[in-house]
Amino acid sequence: MAQTELKDKTEENIKVQRPKGHKVILWNDDFTPIDFVWEVLQDIFRKTREDSVMIASQAQKNGSCTVGTYTLDMATTLTEAAKNMSQNAGFPLTFSVQDE
């Protein structure tokens with residue numbers, strides 16, 4: 001009977017790739033109160049108060065700002081949650097997802 005050689009999979013060179021990152025962008029508007037923007041950043045994106053203030057200030061100054069980089073599923077989920085929170089409060093706060 002022929003003997004079959006079994007290889008231990010731990011010896012194989014396994015390459016693991018990180019998921020592609022997607023940036024969530026906060027767009028400035030002239031209607032949403034800054035306190036509400038901070039609340040969304042803290043509640044939905046789990047940013048600290050200091051980070052929320054910095055992100056909102058950069059969006060006001062530059063027209064937009066990156067909130068964070070996430071997997072596509074997470075970026076989409078967070079963006080939708082922020083959109084829903086904004087719409088329910090009656091504000092036009094906008095977020096978008098872009099490839100990194």
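Description of the structure in this document. Small disclaimer: the values here were computed from a predicted structure and weren't measured.

### Quick look at the environment of Ala56
Step number 1: Here Ala56 is to be found in helix α2 (residues 49-62).
Step number 2: In this structure the C-alpha to C-alpha distance between Ala56 and Asp35, which are 21 residues apart in sequence, comes to 9.6 Å.
Step number 3: What Ala56 contacts, discounting residues up to four positions off in sequence, is Leu26, Ile34, Val37, Trp38 and Leu41.

### Observations concerning the packing of helix α1 (residues 34-43) against α2
Step number 1: Running from N to C, α1 and α2 point in directions that differ by 125 degrees, and their axes come no closer than 9 Å. Classed by the angle they form, the pair α1 and α2 counts as oblique. Crossing handedness for the pair α1 and α2: right-handed. Side by side, α1 and α2 meet where Ile34, Val37, Trp38, Leu41 and Gln42 of the first sit next to Arg49, Ser52, Val53, Ile55, Ala56 and Gln60 of the second.
Step number 2: Grouping the constituent residues of the contact of α1 with α2 by class yields seven nonpolar, three polar and one charged.

### Quick notes on unusual backbone geometry
Step number 1: Even without being a glycine, Arg46 presents a positive backbone phi close to 60 degrees.
Step number 2: The exposure class assigned to Arg46 is exposed, which follows from its relative accessible area of 67%.

### Observations regarding the packing of α1 against helix α3 (residues 72-89)
Step number 1: Interaxial distance between α1 and α3 falls to 10 Å at its minimum, and their mutual angle equals 145 degrees. Our pair here, α1 against α3, has a crossing hand that is right-handed. Counting all contacts with α1, which are made through Phe36, Glu39, Val40 and Asp43, the residues of α3 involved are Ala82, Met85, Ser86 and Ala89.
Step number 2: Taken together, the residues that form the contact of α1 with α3 break down as five nonpolar, one polar and two charged.

### Some remarks on the pattern of salt bridges
Step number 1: Across all of its chains, the model carries one salt bridge by this definition.
Step number 2: The closest approach of N and O atoms between Asp99 and Lys20, which form a salt bridge, is 3.6 Å. Note that Asp99 is positioned in strand β3 (residues 94-99) and Lys20 in the segment before β1 (22-27), a separation of 79 residues in sequence.

### Brief notes about the packing of aromatic side chains
For any pair of aromatic rings, geometry is given as the distance between the ring centres together with the angle between the planes.
Step number 1: Under the counting rule described, the total for this entry stands at three aromatic pairs.
Step number 2: Aromatic side chains Phe45 and Tyr70 sit 6.5 Å apart centroid to centroid with 40 degrees between the ring planes, which places their arrangement in the tilted category. Taken as a pair, Phe45 in the loop between α1 and α2 and Tyr70 in strand β2 (residues 64-70) lie far apart in primary sequence, 25 residues in all.
Step number 3: On the basis of relative accessible area, Tyr70 is assigned to the buried category, the value being 18%.
Step number 4: A ring pair is formed by Phe45 and Phe95, whose centres lie 5.2 Å apart and whose planes are at 35 degrees; its orientation type is tilted. Separated by 50 residues along the polypeptide, Phe45 in the loop between α1 and α2 and Phe95 in strand β3 bring together distant segments of the chain.
Step number 5: Each member of the aromatic cluster is reached from another via a ring pair, and the members are Phe45, Tyr70 and Phe95.

Rules behind the numbers
Residues numbered from 1 in each chain as written. Predicted model: local features only at pLDDT ≥ 70, side-chain atom pairs only at ≥ 80, totals over all residues. Heavy atoms only, no water. Helix = DSSP H or I, 4+ residues; strand = E, 2+ residues; numbered from the N terminus. Contact = heavy atoms within 4.5 Å. Axes fitted to C-alpha atoms, helices over the stretch in contact; angles between N-to-C directions. Parallel < 35°, antiparallel > 145°, perpendicular 65-115°, else oblique. Left-handed = near helix turned anticlockwise from the far one by under 90°. Nonpolar A, V, L, I, M, F, W, Y, C, P; charged D, E, K, R; others polar. Buried < 20%, exposed > 50% of the residue type's maximum accessible area, 1.4 Å probe, protein only. Salt bridge = Lys/Arg side-chain N within 4 Å of Asp/Glu carboxyl O. Phe/Tyr/Trp six-rings, centres within 6.5 Å; stacked < 30°, edge-to-face > 60°.

Remember, this is a structural readout, not a statement about activity or role.
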